[in-house]
Structure formats: C-alpha cells, structure tokens
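Observations on the model geometry
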Amino acid sequence: MKNQINKSFVLSLIMTGMIAGCSDGKDGTDGSDGGSGIIIAKSAESLHLEYLEYGIDDAGMRSATFKITNELNQPVVGIGSVRFLSSQLATSEQGYTERQGLGYVTCTSEAEDCLTDHQDGSYTVINTTSVNELDLSGKDYTFNPDLPHRFMVRLQTYGGIPVIGSVQDIMPEVDFMVDGSAVTTTRSMVDTASCNACHTDIAYARYDSYDRSPHYANNVQACATCHTTGEKDSKGSMVERAHRWHNGLDGDLVVSSYDCTSCHVTEATDALPNGAEWLASTTNDKACLSCHASEELKHGPEMQFSCATCHDVAQYHLTKVDAKKAARDAYSVDVTQVSTLQGTSVRDGNTYNTAEITFTVKILDSEGTPLASSPKEAKVFNALRASVSWDMEAGYRMLTTETKDSGELGRLANHSVNFKFESIDPVSSNPATGEYSYIISGQLDDDKSKNSTGVIIPIGTDLKTGILAIEGQVKADEKTGAPTPDGTLVERIRSKSVFFTLDGLTDNSRRQVVDNALCASCHGDQAYGYHGRRNDLEQQCVACHNLGNAEWDKGHMALEQAPADPVLDHISWNTFVHALHAQNREEQNMGEASNRVFKYPARLNDCVQCHVDGSANLKEIEKSNALITRNTHEVDADFFATSPGAATCWSCHGPYGGDSLKNHMIQNGADFEVKLEDGVNATFDGNVVVDVTLSGEACSVCHSSDKLAESHRF
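Residues numbered from 1 in each chain as written. Predicted model: local features only at pLDDT ≥ 70, side-chain atom pairs only at ≥ 80, totals over all residues. Heavy atoms only, no water.

**Some details on the overall build of the protein chain**
Summing up its helical and strand segments, the protein chain has 16 helices and 24 strands in all. Of the contacts made within the protein chain by residues no fewer than 6 positions apart, 69% connect residues no fewer than 24 positions apart. Accessible area of the protein chain: about 32300 Å², with a carbon and sulfur share of 49%. (Helix = DSSP H or I, 4+ residues; strand = E, 2+ residues; numbered from the N terminus. Contact = heavy atoms within 4.5 Å. Areas by Shrake-Rupley, 256 points an atom, 1.4 Å probe, with all protein chains shown as cover.)

Here is the structure:
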C-alpha cells in the first residue's frame, strides 16, 4: 500500500541510517551526499513537517517516516523527542463523527527502536505496541481497521534543538485508510484562521498565565486530535470544551459567545467539507449538549432522538444573529454641519468660556432613503446621543474637579457633553434629505450628575479642535431586524465621529490608534465596549476616556476610596484598555467585588491585534497633556500629574516592572504623581487643568516605533 510502511522497511531505514554524505549531524555542520550537497539548517524561525511514509502493518505496528525543514526548506537534524499519536474516525448512530483515541508514545532519539534521526532531515517513529493489543478497557470502542485513521507527530522543539535553539512546537496530521484506499469520511469543521481571528495564535490560547510557553498545538485539527474521545477528555472532548468555554463568555461583548458563524461556516467549502454539518439534522447533538448541558435540556437519559428533530438550529442560531445585523445597519447617521456661538457660563463660582453648538444630522435607512420624519416622531430610536469633547490636540480636556453639592464625587460629573436628542424636537428639518438640526446650550447645566450641556473652551484653547460623536440604538423586530416602534430587539447603530473648530467642521482629526475591525475580530461588529450605544473605538471612546478624566471605576466610587495605583487604574483610554486586557486593573482583582474579569485570548505583547501600523508611537503620546489623577475621596482633593508616555507603558508593564521600572522612567524624564498647584507647575481655568509643566519625558528616544515593533513582535 502506498501509505503503509512494513516493519522490514522501517528496520531497513534504521539500519542504513539514511545518512548518505552527511556529517555526524551532532554539530549541525554542512554535509555532502556524494556530490549534490546537503545544507543542514543552522537556524529556524519555523518548522515544516512532511510525511513521507506512514501506516499500520499486518502485525498492528504503527510507524511513520517524515522530513523536517525550516522556512528556507533546509533539512533540520537533531530533533531529540517527538510525540506520536494515533486515532480513528467513527460515525455515531445519530450520524455525527467523532475521533476515538488509540493512544500515543513519547519517543526520544536515545531509544532507536522508537525514534531514529536519519541525519538528513528525515526521521522514523514507531509505536512498538501493536494496535491489536491496545488496552481499551473502559472505552466503548475497539480498533477498527476499516475506519479512517490519523497519525499526528508533535515536534517537541520549544525546549530547543541543537545548534538551532527554541522553535514553536508543531503538530501536523495525516489521514489515511489502513488498506491504502482513499479517505472518504472526514471531520474538517472549523478553520484555524477563524480561531486566530481572536486568538492570533491558538498555541497561546490555553494558559491562564501570560509568561508561560505556548501550548504544543497551533492548529485546530491538532487540538481536536489530542482532546478526543477516549484520550485527553477528562474535561470533555474538543467539541465539548470549545462550546462550553465560548458559551461561558460575556454574551454581549464577545462575538463567539452569541454568533456561531464567527467560528463556523454555513456552507461547505473545499477546505471545510464538513463545515456546515452543524446545521444538519443528524450531526449536532454533541455540540448542542456541550452548550445546553442542563438536565432539562437533555430531557433525561431516555432521549433517543436528535435535538434537531424538534429544534431548528438555523432558526435559533442564525435568524437572531441576522436580525441583529439587520437592525445594526437599519440606519446610518452622518453629521453635515456644526456651528458654534461663544458665550460664558458659571459653575461652582467659576466663570467659563463656553460654546453653544448647533449640529445637523443626516439619517438614511439601509436602502439609502432619507428618514422622512424626525427621530422623535419616528419613535424607532431607543437612544440618540451627541457626545462632545474639546481640545483634541491635548488629548481632550475635562472639568476634572466637579463635585455634587453634597460633596460626593459625581460618577458622571467628569464626562463630556452627552446630549440626548431622540425625544427632542429639532430646531429645523428637511425630511426630503433626512436632515435634522439641534442646539446644545452653551450654559452649564446645574444638574451636575448629568452634565448634559455646556462645552467649556478653556482660556488659550480657542484655536483647538473638538469632537462630536453620534451614537444610538434602534428598536427592531427580533426576527427580521426591521425597525419598529414596538420592537423588542434593541440594537446599536454605527457611531459617527466628526471634528470641528469654532469656525465649523474641519478635516483635522485625531490620529488613529486602533481599528474597529480589529477590535471586532474578538468582540464582534459594533458589539465591543461596556456602553450600550458607543462603538467607535477609533475616535469616540477617547473623547470621554481621556487623560484629564480623573474619575474612578464604579467599584472604587462605591468604596469612596481611590485605587492603590491611580495611574494604573486611570480611566484614560491609553491606560484603561492596556491594563484592562492585561487584567492589571485593581477593579478586576477585588475578590467578590471584581468587575470585568476575563482572560485575554492572545499574546499580551501582540499589539497588532488592536493597533494599526505605526500607532504604537511614544513620540506622539508624549505630545499629549499629562495624565491627571486624584488620590482621595474629598470635595477639594488635590490633583496630580503623570507623564502620558510613562503612564501608557506603566499600564501594561507596571505590575511586572515595579519600582525598578518606575525609577528607570523617572531617570529618563518621566514624572509620576506630581502634585499640581495652580500658578506653580500648572495652569487652571477654574477647575479645568489647562496646562502642566513636567520634566519632559524622553522614552521615545530609545523606545522608537521600530524598536517597539520589534520587542512587541508586530
């Protein structure tokens, strides 16, 4: 048989060594094969395994000969250990397929009856236990030579290869029939690329600790081959694990917890011939029960029929998702005009320069037809808001010392203007174009818990730029996603962010740091973020989550005490997001009161999972205003400043670098928690911190964009 290796052939390979013309191979030196020359690899970024011969002989001996090369197609010698796994693919009575483990051996080159290095990049591995003599007691299956079989060799190379060093383990598989005929039954359901859209490299998806080495497998077939029935299934087979793990994620914030198509295809492809079987009537019981595992859903052990006998998988798992998508795109909102009227307003005894803002929104439906009545009259919008912040050049500014009359620090008092206009009559309208205009008052609202009006233009910032972002939710039919006033499905529409000066709309914009599409690879399209409406991470979020916003998270506000490290736990977007994904925020480590606890699914230093090219740029970050913090829960609490670049790096590296890292930053010009005094090292406009005088950090001198890209493996 073409794929089979008989025992005499294997022994012949071992005896001859297949070493024609090579050096001894122990030192990795180049050799010669009698004139043609063999260049042995002395380095490797990655490895490739090609199966040359494989099979199960008449005595039940399993063996494979394979070749290892590096990315330059140079043969690799000196692999000291491999794991050799085998399994068979059975079809259940219900019609779904499942792998059945037939054991594995770990072979080293020291035991030549198990692993032989032929010194030319080829190796032979043998499982000396006959497949006919396997102890399968306690399992409800036996070896069946008529089933499709799989071999998988795991290269145990992360620990190091002589001369070459450490290389990521790989576990490629090969499927075959024992009699040499063509394989007709397969189980290829999920593409590794769909996993890596969120995990980046699923070899890093397993561990709870971020400083551990990657797991062996970096392809989903390898995962399913090890974690299979009768093998490593103490916590369930791969199909059960994968569904249970993803089903346990936050259903509003992670796409794989609510949208099956983030992993699965709905139509079979050449690469995934079984990809759509989860929708078929006879193949989904195991998957169903791995998510819906309660006794009520199992209907008790007496259930002898398929789940799909009663339940339409497409209806439950596709219709609702399609409805959400339709509702999300039901309307688009653009801002066609922004104008300002300057004035003054008083709050807490301080007189501020403010601006009354008139803006016009243009609302079109999914077909491009203008909204024929105002949002208030249409009654299909659950929310429509306009958020406004000023001074984009400094990273935006806040009225950072706002308090309520009672002296309590207000949760919303630090937010930028958030103008609710879904229930307000427009000041002018043009239904033919779908344009409606509104006015945000220039007067500061006396209700400090809402802070819904009044845009402050601090002294000296007249020539700066503001952001106006529209956010909203639509009410829709839960089956079709069609907008309707009585709709029970409430879904976000896409946010729109524009920039303006006191003269009107401008092409000036804040540099883009992240990409909504990249964030959506994990969170889902427009589903990211803890707010129910805001979904423009590229521009909108930083308008409120900015360097001057000195408020705390809900947990610390409830305790009426500052975080132990106000810099690490700052709400500014540049620190908040990094610390949040690294699980560094104190609010995530407060025992039963912990909030936003999760495991980031990829390498923490894989910044390109979120960042656009060139955006990890400390030189640009250093141009921003200082990070403002307050350290006590008091009405007139002192305010402190930290260098923006140092704060950004600290949000990820602080818990690991500690005092030595902080001292390194300070020695290079950074400031941490410097007390601010108006007229000494800061300029205030009332309670707004307008300018801060710091030492002048110089992190970017050494940590250039290129070096950051190298150290973070961009």
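**Regarding the sheet that holds strand β4 (residues 97–108)**
Pairing within the open sheet is antiparallel, and its four strands lie in the order β4-β3-β7-β8. The strands lining the two open edges of the sheet, one partner per strand, are β4 and β8 (173–176). Sheet twist, expressed as the average angle between the axes of neighbouring strands with direction ignored, equals 20°. Where strand β3 (residues 81–91) meets β4, 10 bridges bridge the pair, whose relative direction is antiparallel. Among the inter-strand pairings, Arg83 is bridged to a residue of β4, identified as Thr106. (Pairing = 2+ DSSP bridges. Axes fitted to C-alpha atoms, helices over the stretch in contact; angles between N-to-C directions.)

**Notes on the packing of aromatic side chains**
Applying the stated criterion across every chain, the model contains 14 aromatic pairs. Between Tyr51 and Tyr54, the aromatic rings sit 6.2 Å apart at their centres with planes inclined by 80°, giving edge-to-face as the arrangement. Taking the centre distance of 6.5 Å and the plane angle of 20° together, the rings of Phe419 and Phe421 count as stacked. For the residue pair Phe419 and Phe421, the accessibility class agrees, reading buried in each case. An aromatic cluster is present here, built from Tyr51, Tyr54, Phe84, Phe151 and Phe176 joined pairwise through their rings. Between Lys324 and the ring centre of Tyr258, over which it is positioned, the NZ or CZ distance is 5.7 Å. (Phe/Tyr/Trp six-rings, centres within 6.5 Å; stacked < 30°, edge-to-face > 60°. Buried < 20%, exposed > 50% of the residue type's maximum accessible area, 1.4 Å probe, protein only. Lys NZ or Arg CZ within 6 Å of the ring centre and 35° of its normal.)

**Some words on the pattern of salt bridges**
Following the criterion strictly, the structure yields 17 salt bridges and no others. Among the ionic pairs, Arg154 bridges to Asp169, the shortest N-O distance being 3.2 Å. Taken as a pair, Arg154 in strand β7 (residues 149–155) and Asp169 in the loop between β7 and β8 lie far apart in primary sequence, 15 residues in all. Overall, Arg154 belongs to the buried group, its relative accessible area being 6%. A residue is classified by how much of its surface remains accessible, and Asp169, at 4% relative accessible area, is buried. Ionic pairing is found between Glu587 and Arg585, a salt bridge with its closest N-O pair at 2.6 Å. Residue Glu587 shares its accessibility class with Arg585, and that shared class is buried. Several salt bridges share partner residues, and in doing so they unite Lys324, Arg328, Asp329, Glu491, Arg494 and Asp525 into one network. (Salt bridge = Lys/Arg side-chain N within 4 Å of Asp/Glu carboxyl O.)

**Thoughts on the pairing of strand β24 (residues 688–692)**
With respect to burial, β24 is a largely interior element, four of its five residues being buried. Across four bridges, the pairing between strand β23 (residues 682–685) and β24 is antiparallel. For Thr683, the partnering residue across the bridge sits in β24 and is Asp691.

**Structural notes on helix α12 (residues 573–581)**
Burial of α12 is extensive: eight of the nine residues sit out of reach of the surface. Those residues of α12 not exposed but buried are Trp573, Asn574, Thr575, Phe576, Val577, Ala579, Leu580 and His581. Structurally, α12 contributes buried residues whose contacts are with α9 (516–523), α10 (540–544), β20 (627–630) and α14 (644–667).

**A closer look at the state of the cysteines**
On inspection of all chains with the given rule, the structure shows two disulfides. Taken N- to C-terminal, the disulfide-bonded cysteines of the protein chain are connected 1-2, 3-4. (Disulfide = S-S within 2.5 Å.)

**A closer look at unusual backbone geometry**
Outside of glycine, negative phi angles account for most residues, and trans bonds account for most peptide bonds. Phi is positive for Asn73, which is not a glycine, with a value near 65°. Turning to its location among the elements, Asn73 is positioned in the loop between β2 (62–70) and β3. The class of Asn73 is exposed, set by a relative accessible area of 59%. Phi at Asp391 takes a positive value of approximately 70°, unusual for a residue other than glycine. Looking at the secondary structure, you find Asp391 in the loop between β11 (381–390) and β12 (417–420).

**Thoughts on α14**
Between its first and last C-alpha, α14 extends only 15 Å over 24 residues, short of the 34 Å set by a 1.5 Å rise per residue. Of all the bends in α14, the largest measures some 120° and sits at Gly657. Following α14 by one or two positions, Gly669 has its phi on the positive side, about 100°. (Expected span 1.5 Å × (residues − 1). Bend = angle between axes of the 7 residues up to and from the residue.)

**Section: the sheet that holds strand β21 (residues 639–642)**
Reading across from one edge, β20-β21-β22 is the order of the three strands in this open sheet, with antiparallel pairing throughout. Each edge of the open sheet is held by one strand with a lone partner, namely β20 and β22 (674–675).

**Some details on the side chain of Lys475**
By secondary structure assignment, the location of Lys475 is in strand β16 (residues 466–476). Within the buried core, Lys475 has no salt-bridge partner, and the shortest N-O distance to an opposite charge, that of Asp486, equals 6.9 Å. A distance of 3.4 Å separates a polar side-chain atom of Lys475 from the backbone oxygen of Pro485. Apart from the residues within four sequence positions on either side, Lys475 is in contact with Lys379, Val380, Phe381, Asn382, Ala482, Pro483, Thr484, Pro485, Gly487, Leu489 and Val490. (Lys, Arg positive; Asp, Glu negative; His and termini not counted. Polar contact = N/O pair within 3.5 Å; in protein donor to acceptor, adjacent residues only side chain to side chain.)

**With respect to the environment of Ile363**
Within the element layout of this structure, Ile363 appears in strand β10 (residues 350–365). Among the residues examined, Ile363 registers a relative accessible area of 0% and is labelled buried. For the pair Ile363 and Val333, spaced 30 residues apart in sequence, the C-alpha to C-alpha distance is 4.7 Å. Beyond its immediate stretch of four places on either side in the chain, Ile363 contacts Tyr331, Ser332, Val333, Thr369, Pro370, Leu371, Pro375, Phe381, Leu384 and Gly434.

**Re the confidence of the model for the protein chain**
Summarising the model, the protein chain shows a mean pLDDT of 85, and 87% of its residues fall at 70 or more. pLDDT under 50 marks residues 4–36. Its contacts with residues more than four places away, or in other chains, come to 69 contacts. A low-confidence stretch, residues 409–413 stays under pLDDT 50, and its non-local contacts, those more than four residues away or across chains, total 22 contacts. (pLDDT = per-residue confidence, 0-100.)

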